[in-house]
Amino acid sequence: DAGVTQSPTHLIKTRGQQVTLRCSPISGHKSVSWYQQVLGQGPQFIFQYYEKEERGRGNFPDRFSARQFPNYSSELNVNALLLGDSALYLCASGRGLEPREQYFGPGTRLTVT
Amino acid sequence: GQSLEQPSEVTAVEGAIVQINCTYQTSGFYGLSWYQQHDGGAPTFLSYNALDGLEETGRFSSFLSRSDSYGYLLLQELQMKDSASYFCAVNVGGFKTIFGAGTRLFVKA
């Protein structure tokens, strides 16, 4: 079975632009969570989606939004990009609502200039 | 608020045993997870403890004491490939995972 996939791998954007990151979970997994990881730190929770509904949100501004589609894939959108949004964005999938065991994708490296 | 504390670095020799501790302060605690991350890679799930006690998976074991808000990851028979960052993470409210800052493990020959 294929693991969690994310696209694109790398992305360079300019301040003020908007970006959309994509994630496909492992087949059969209904939960997708998004994380931001800055170099040298642990992943920071952004959102969790389960069965196409937002179940949890971290301490991120409203510029960050996400959605989950009927096939359980997900998109993370970030508007009005700031330099501080430069990070690795990780997607993780899980079988159920409770994120006991999460499988991470390779991430999207976003650079904002 | 929520917080997790784990050592920033640990060094051990090949073949040895190492323990990485994690203490947490959070409300709505559901369980404690451990993840491994090699440089340039994604986090990989190692273990999850919802109840007090020890969980063993091969060379890795994880322990949880809910009353002490404390857990640890035990790595036995260390190998060079175990050099990586290890994160403890708490499951809060059943839907949110809060990660610690990570412990860099250096395994020496």
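Quick note: structure is the one above.
Residues numbered from 1 in each chain as written. Chains lettered and ligands numbered in written order. Predicted model: local features only at pLDDT ≥ 70, side-chain atom pairs only at ≥ 80, totals over all residues. Heavy atoms only, no water.

**With respect to the sheet that holds strand 3 (residues 18–25) of chain B**
In a beta sheet, neighbouring strands pair by backbone hydrogen bonds and run either parallel or antiparallel.
All names here are of chain B.
Item 1. The antiparallel open sheet is built from 5 strands, whose spatial order is 1-3-8-7-6. With partners counted over all chains shown, the strands left at the sheet margins are strand 1 (3–5) and strand 6 (53–57), one partner each. The mean inter-strand angle of the sheet, taken between neighbouring strand axes irrespective of direction, is 15°.
Item 2. Relative to strand 3, strand 1 is paired through 3 bridges, and the arrangement is antiparallel. (Pairing = 2+ DSSP bridges. Helix = DSSP H or I, 4+ residues; strand = E, 2+ residues; numbered from the N terminus. Axes fitted to C-alpha atoms, helices over the stretch in contact; angles between N-to-C directions.)

**Focus: the sheet that holds strand 8 (residues 74–78) of chain A**
All names here are of chain A.
Item 1. Strands sit in the order 1-3-8-7 across an open sheet of 4 strands; the sheet is antiparallel. In the strand order of this sheet, the two ends are held by strand 1 (5–7) and strand 7 (64–68), each with one partner. Put simply, the sheet's adjacent strands are angled 15° from each other on average, direction ignored.

**A closer look at the pairing of strand 11 (residues 103–108) of chain B**
All names here are of chain B.
Item 1. Alternating residues of strand 11 divide into Thr103, Leu105 and Val107, all buried, and Arg104, Phe106 and Lys108, none buried.
Item 2. In this sheet, strand 11 lies alongside strand 2 (residues 9–13) in parallel orientation, the contact comprising 5 bridges. Looking at strand 11, one finds that Thr11 is bridged to Phe106. (Buried < 20%, exposed > 50% of the residue type's maximum accessible area, 1.4 Å probe, protein only.)

**Overview of the state of the cysteines**
A disulfide bridge is the covalent bond that connects two cysteines by way of their sulfur atoms.
Item 1. Using the criterion set out here, one finds 2 disulfides over all chains in the structure.
Item 2. Residue pairing for Cys23 of chain A: its cysteine sulfur links by disulfide to Cys91 of chain A, the two sulfurs lying 1.7 Å apart. Judged by the torsion about the S-S bond (-55°), the Cys23 of chain A/Cys91 of chain A disulfide is left-handed. On the criterion of sequence distance, the pair formed by Cys23 of chain A in strand 3 (residues 19–24) and Cys91 of chain A in strand 9 (residues 87–94) is long-range, its members being 68 residues apart. There is no split in this pair, since Cys23 of chain A and Cys91 of chain A are both buried.
Item 3. Paired by a disulfide, Cys22 of chain B and Cys88 of chain B hold their sulfur atoms 2.2 Å apart. Its S-S torsion of about 75° marks the bond between Cys22 of chain B and Cys88 of chain B as right-handed, since a negative value means left-handed. Placement of the pair is Cys22 of chain B in strand 3 and Cys88 of chain B in strand 9 (residues 84–92), with a sequence separation of 66 residues.
Item 4. The class of Cys22 of chain B is buried, set by a relative accessible area of 0%. (Disulfide = S-S within 2.5 Å.)

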